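If you want the building blocks of each chain, they are given just below.
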Amino acid sequence: MLTPEEEKSIRDTWALVSPDLKGNGIKFFIHFFTGYPEYQKLFRGFADVPLDKLPENKRLQAHAFTVLNAINGLVDNLDDPDVLTELLLKTGRNHARRKLRRGDFENLKTSLLEFLGKALKSHWSPEAENAWTKLLSVMVDKISEGLESPDDG
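Nothing here was measured: the structure is a model prediction, and the numbers come from that model. (Residues numbered from 1 in each chain as written. Predicted model: local features only at pLDDT ≥ 70, side-chain atom pairs only at ≥ 80, totals over all residues. Heavy atoms only, no water.)

Draft legend 1. The arrangement of the nonpolar core in detail. Core analysis: the largest hydrophobic core is formed by 43 residues, its most contacted members being W14 and W132. Of all elements in the fold, only helix 1 (4–17), helix 2 (21–35), helix 3 (58–76), helix 4 (81–96), helix 5 (102–120) and helix 6 (126–148) reach the threshold of two or more residues within this core. Setting aside anything within four residues of it in sequence, one finds W132 in contact with I10, T13, W14, I71, V75, L113, L116 and W124. (Core = buried A, V, L, I, M, F, W, Y, C linked by side-chain atoms within 4.5 Å. Buried < 20%, exposed > 50% of the residue type's maximum accessible area, 1.4 Å probe, protein only. Helix = DSSP H or I, 4+ residues; strand = E, 2+ residues; numbered from the N terminus. Contact = heavy atoms within 4.5 Å.)

As C-alpha cells, this is what we get:
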C-alpha cells in the first residue's frame, strides 16, 4: 500500500494537526461545508446553523472530533493493514443507513486534501500530498465496500 517514506510523511504531517483534533476538526468541517454546503443539511444537530456560528455548536464539535480522531486511528494503524481495513469497513457500515455513497466520501477526500494543504502550509510537500492522496484513496475504497455491505460484521 504505502512505502515507508510515504508512511513517514503522513505521520510527520499528521503530527502537526493531531494535537488539536477538535479545533482542526471544526476548521475542516467549515471548509467542507463551504465547498459542499449540501452536506451540512444532512446533520440534524446543526443543519441550519450559519457557518460563522458552527464553531460554538457542541454537536459539530463532537462530530468534528470524532472524524479527526478516526483519521488519527488510520495514521496510528498504517503498519497494521488488517486493523486499518476493519476500521474503514466499519465506518462504511455505520454510514450506510444514512444513504451515503462513494461519491460523498470522494468529496470528503477532496476537501480533506485541500484542508491539509491549507493547514500545513509549507509542510505540505508534493510527497506529503501524494502519500495522503494514496491513503485517502484506500480510505474511500474500503469505506465504499462497507457502505455496500452494511449488515456484515
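Additional details are given in the paragraphs that follow.
Draft legend 2. Spatial organisation of the UniProt feature "domain: Globin" (unreviewed entry) in the protein. Within this structure's numbering, the places UniProt gives as "domain: Globin" (unreviewed entry) are residues 1–148. End C-alpha to end C-alpha, residues 1–148 measures 22 Å, and it is 72% helix and 0% strand. (UniProt positions renumbered as here; feature names shortened; annotations may be inferred.)

Draft legend 3. Representation of the environment of L78 within the structure. With respect to the element layout, L78 can be found in the loop between helix 3 and helix 4. In this structure L78 comes out as buried when scored by relative accessible area, which is 5%. Taking the C-alpha atoms as reference points, L78 and I10, separated by 68 residues in sequence, lie 9.2 Å from one another. Ignoring any residue separated from it by four or fewer positions in sequence, one finds L78 in contact with L2, E7, I10, R11 and L135.

Draft legend 4. Molecular detail of the pattern of salt bridges. Per the stated rule, a full pass over the model turns up eight salt bridges. Here R102 ties to D141 by a salt bridge, and the two come within 2.4 Å at their closest N and O atoms. Separated by 39 residues along the polypeptide, R102 in helix 5 and D141 in helix 6 bring together distant segments of the chain. Taking the relative accessible area as the measure of exposure, D141 reaches 35% and is therefore partly exposed. (Salt bridge = Lys/Arg side-chain N within 4 Å of Asp/Glu carboxyl O.)

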